[in-house]
Amino acid sequence: MKIQAKATQNYQAKTDCLVVALKPLKNIAAQCAELNAITGKVVSRLQKAEQFSAKKAQIVNIAVPEGIGAKQLLLIGTGDEKSLDTEALRDLLTSLAKQLKALKVNEVSLDLQALFTKSDVETVSRHLAEAIGESDYVYVPAPKSVRGAKANKESKAILWCKDAKQASAARKAAGIGNAINNGKSLAKNLANMPGNVCTPTFLASQAKKLGRSHGLKVKVLNEKEMDALGMGSLLSVSKGSREPAKLIVMEYKGAKNPKEAPHALVGKGLTFDAGGISLKPAGKMDEMKYDMCGAASVFGAVLAAAEMKLPINVVAVIPSSENLPDGIANKPGDVVTSMSGQTIEILNTDAEGRLILCDALTYTQRFKPQTVIDIATLTGAVIVALGHQTAGVMGNDQGVIDDLIAAGETSLDHAWQLPIKETYKRQLKSEFADLANIGGPSAGSITAGSFLSYFTEDFRWAHLDIAGTAWGGAAGKRATGRAVPILTQYLIDRC
Ligand code: BES
Ligand code: MN
Ligand code: ZN
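Residues numbered from 1 in each chain as written. Chains lettered and ligands numbered in written order. Predicted model: local features only at pLDDT ≥ 70, side-chain atom pairs only at ≥ 80, totals over all residues. Heavy atoms only, no water.

1. Focus: the coordination of the manganese ion (ligand 2)
The expected angle between donors at a tetrahedral four-coordinate metal is 109.5 degrees. At an octahedral six-coordinate metal it is 90 or 180 degrees.
For step 1, the next point in the chain: The protein atoms donating to the manganese ion (ligand 2) are D273 (OD), D350 (O), D350 (OD) and E352 (OE), with metal-donor distances spanning 2.1 to 2.2 Å.
For step 2, the next point in the chain: Around the manganese ion (ligand 2) sit six donor atoms, and with donor-metal-donor angles ranging over 69 to 168 degrees the site reads as irregular.
For step 3, the next point in the chain: Spacing between the donor residues of the manganese ion (ligand 2) along the chain follows D-x76-D-x1-E.
For step 4, the next point in the chain: Taken as an interatomic distance, the gap from the manganese ion (ligand 2) to the zinc ion (ligand 3) is 3.1 Å; D273 donates to each of them. Placement of D273 in strand β10 (residues 269–273) and of E352 in the loop between β13 (343–346) and α12 (353–364) is noted, with a sequence separation of 79 residues between them. As far as the burial class goes, D273 and E352 line up, both buried. (Donors = N, O, S within 2.8 Å, 3.2 Å for Na, K, Ca; no water. Tetrahedral: all angles 85-135°; square planar, octahedral: opposite > 155°, others 65-115°. Helix = DSSP H or I, 4+ residues; strand = E, 2+ residues; numbered from the N terminus. Buried < 20%, exposed > 50% of the residue type's maximum accessible area, 1.4 Å probe, protein only.)

Right, dumping it as structure tokens:
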């Protein structure tokens, strides 16, 4: 559903549905006198019959209303709080979008002026675009849904605005919501795909496709090229797999000065994580196809940045591999040498994310980035700490961390900081190498971040652990498209 913003308020326009947001005044109809009059006082009658009090997110649907051009009239309550926090606003818009979906509405007009006073035009438009996009999402590449799904007709939503100025603000904000949503859809599609389809080679082909459609410079390093660079840590993970590892690099150049230092996004692209020789238990192992959600978020954020033509340079670096048990797979106790020269004792082959990320982070240095953010489904421990609601963030630069947390607040894709300190770093001591790849049973997410900190000393860096937020939770066994919103917002805020 495409969103348009227009300076209009035409009750006679022929459309499938008219949505009107209303505040819970003593006399609700007072705020929509004209509408109330031409519809035979439907608003007054509903209030009198105690069918509509305009409480928060209350929706009533009046089919074939008299006096107006729309086939249905939806009234939605704003609730009586003075202002709606963005979270509550999103919930309200999500309910609305779901209702429109259920009613199979193809064209809708929305008069949300009552919400504009409780939030602001930009916030409402942006989250409306995201909510509608979210409810429109259909997983395209699944064999099952390809058979079941009908092609989505081009449908549209017209957001009524009071004047050209408001319409222009709404249009701009809806554009951001749309771009984020397109990024989320791409991330969800890639993530929802089964591991036998979405392999490192497949991800590389998708990067090339994205490069062609959006003018990105794309380079894919094969195992031989990675070997020449000394990426012994990354390659040790892919050894046990028949699918060759790839290092995918996408460059988006939107800055006026093409030489401007880029912001780097480094996404874990583990297309299936069985744990390796430190094999995971069988239950829910299928969910480890989602271990490439960091990479998927990077794809999505790059797409969103390119769609919005952000005046910024971004480099995406995606280490991609499988992690499987095999006769030549990593074994506990093996020692490998990373591209940085630091040696790593692999005490648990299931802590493989950090092994592929560390070499990708070292590689990223060649782009002389302004900031580096890595995004990874890195630890189960982050789900214990923060659940499926909030991502873990840590790093070596409080400015970058604060900027990310702020971007999470704006985009409602929240992150919460965990500390990286010497005392945690000490847990990674190894008898036989510079570092061990695990730090013991306590503070699992922090020791994982601490491990990465040994490979990021030369730039401003933050790490996002999205193991809890990228799939599951309220979304069930499906990808959520997170961290596309927080990453995209982070990039928007840097412009
Ligand atoms: N991909 C997993 C992390 C994960 C686990 C994400 C469960 C979502 C749900 C990662 O590669 C992993 O296996 N981490 C281990 C680290 C441990 C061996 C130190 C973990 O979290 O158990
Ligand atoms: Mn693992
Ligand atoms: Zn993993």
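Still more ground to cover, so stick around.
2. Focus: the sheet that holds β13
For step 1, the next point in the chain: The strand order β12-β13-β17 describes an open sheet built from three strands, whose pairing is mixed. Lying at the two open borders of the sheet, with one neighbouring strand each, are β12 (334–337) and β17 (435–436).
For step 2, the next point in the chain: When β12 meets β13, the two strands line up antiparallel, connected through four bridges. Its bridge partner lying in β13, V335 is registered against E345. (Pairing = 2+ DSSP bridges.)

3. Some words on the site of ligand 1
For step 1, the next point in the chain: Surveying the vicinity of ligand 1 reveals 17 residues, the closest of which are K280, D291, D350, E352 and G380.
For step 2, the next point in the chain: The contact in question runs from a nitrogen atom of ligand 1 to an N or O atom on the side chain of D291, over 2.9 Å.
For step 3, the next point in the chain: Here a nitrogen atom of ligand 1 sits 3.4 Å away from a polar atom, N or O, in the main chain of L378.
For step 4, the next point in the chain: Considered on its own, ligand 1 offers 510 Å² of accessible surface; in the complex 78% of this is hidden by protein. (Near = heavy atom within 4 Å. Polar contact = N/O pair within 3.5 Å; in protein donor to acceptor, adjacent residues only side chain to side chain. Areas by Shrake-Rupley, 256 points an atom, 1.4 Å probe, with all protein chains shown as cover.)

4. Re the coordination of the zinc ion (ligand 3)
For step 1, the next point in the chain: At the metal site, the zinc ion (ligand 3) is ligated by K268 (NZ), D273 (OD), D291 (OD) and E352 (OE), and these contacts range over 1.9 to 2.4 Å.
For step 2, the next point in the chain: Classification of the site at the zinc ion (ligand 3) rests on its six donor atoms, whose angles at the metal span 78 to 178 degrees, yielding the label octahedral.

5. Details of the packing of aromatic side chains
For step 1, the next point in the chain: Enumeration over the complete set of coordinates arrives at four aromatic pairs.
For step 2, the next point in the chain: Summarising the aromatic geometry, the rings of F451 and F455 are spaced 5.3 Å apart at their centres and angled 35 degrees between planes, so their arrangement reads as tilted. Of the two residues examined, F451 and F455, each falls in the buried class.
For step 3, the next point in the chain: Between the NZ or CZ atom of K425 and the centre of the ring of Y454, over which it lies, the distance is 5.0 Å.
For step 4, the next point in the chain: For the cation-ring pair, R494 lies above Y490, with the distance from its terminal atom to the ring centre recorded as 4.6 Å. (Phe/Tyr/Trp six-rings, centres within 6.5 Å; stacked < 30°, edge-to-face > 60°. Lys NZ or Arg CZ within 6 Å of the ring centre and 35° of its normal.)

6. Notes on the pattern of salt bridges
Pairs can form between side chains of opposite charge once their charged atoms are near each other.
For step 1, the next point in the chain: A complete count under the given rule lists 21 salt bridges for this structure.
For step 2, the next point in the chain: In this structure, the salt-bridge partner of K268 is D291, at a minimum N-O distance of 3.1 Å. Here the residue K268 occupies a position in the loop between β9 (263–267) and β10, and D291 occupies one in the loop between β10 and α11 (293–307), the gap between them amounting to 23 residues. With respect to class, K268 is no different from D291; both count as buried.
For step 3, the next point in the chain: Between D286 and K477 there is a salt bridge; the shortest N-O distance is 2.9 Å. Placement of the pair is D286 in the loop between β10 and α11 and K477 in the loop between β18 (461–465) and α17 (484–493), with a sequence separation of 191 residues.
For step 4, the next point in the chain: By relative accessible area, which is 48% here, K477 ends up partly exposed.
For step 5, the next point in the chain: One connected set of salt bridges, linked through shared partners, spans E130, E134, K184 and K188. (Salt bridge = Lys/Arg side-chain N within 4 Å of Asp/Glu carboxyl O.)

7. Structural notes on the sheet that holds strand β1 (residues 2–7)
Hydrogen bonds between backbone atoms are what pair the strands of a sheet, whose relative direction is either parallel or antiparallel.
For step 1, the next point in the chain: Taken together, the six strands give an open sheet; going across it, the order is β1-β6-β5-β2-β4-β3, and neighbouring strands pair in mixed fashion. Among the strands making up the open sheet, the edge pair consists of β1 and β3 (59–63). Neighbour to neighbour, the strand axes of the sheet diverge by 20 degrees on average, direction disregarded.
For step 2, the next point in the chain: Relative to strand β5 (residues 107–111), strand β2 (residues 15–22) is paired through four bridges, and the arrangement is parallel. Bridge assignment links V20 to a residue of β5, and that residue is D111.
For step 3, the next point in the chain: Helix α3 (residues 86–102) rests against β2, β3, β4 (70–77) and β5 of the sheet, and its axis sits at about 160 degrees to β4.
For step 4, the next point in the chain: Where helix α7 (residues 164–192) meets the sheet, its contacts fall on β1 and β6 (156–161), and the angle it forms with β1 comes to roughly 165 degrees. (Axes fitted to C-alpha atoms, helices over the stretch in contact; angles between N-to-C directions. Contact = heavy atoms within 4.5 Å.)

8. A closer look at the domain arrangement of the chain
How big an interface is tends to be stated in terms of accessible area lost as the parts join.
For step 1, the next point in the chain: Here the domain parsing of the chain yields domain 1 (2–161) and domain 2 (187–494).
For step 2, the next point in the chain: Spacing between the C-alpha centres of domain 1 and domain 2 amounts to 39 Å.
For step 3, the next point in the chain: Taken together, the contact pairs 12 residues of domain 1 with 11 residues of domain 2.
For step 4, the next point in the chain: Summing both partners gives a buried area of about 960 Å² for domain 1 against domain 2, and 49% of it is carried by carbon and sulfur.
For step 5, the next point in the chain: Summed over the shared surface of domain 1 and domain 2, the result is one salt bridge.
For step 6, the next point in the chain: With its nearest N and O atoms 2.7 Å apart, the salt bridge here joins K188 to E134.
For step 7, the next point in the chain: Taken together, the connections running from domain 1 to domain 2 amount to seven residue pairs in polar contact (both at pLDDT 80 or more).
For step 8, the next point in the chain: At the level of secondary structure, the elements contributing two or more residues to the side of domain 1 that touches domain 2 comprise α3 and α5 (121–136).
For step 9, the next point in the chain: Ranked by residues supplied to the side of domain 1 that touches domain 2, first place goes to α5 with four residues.
For step 10, the next point in the chain: For the side of domain 1 that touches domain 2, a count of residues per class yields five nonpolar, two polar and five charged. (Domains from an automatic or database assignment. Buried area = accessible area lost by both parts, 1.4 Å probe. Nonpolar A, V, L, I, M, F, W, Y, C, P; charged D, E, K, R; others polar.)

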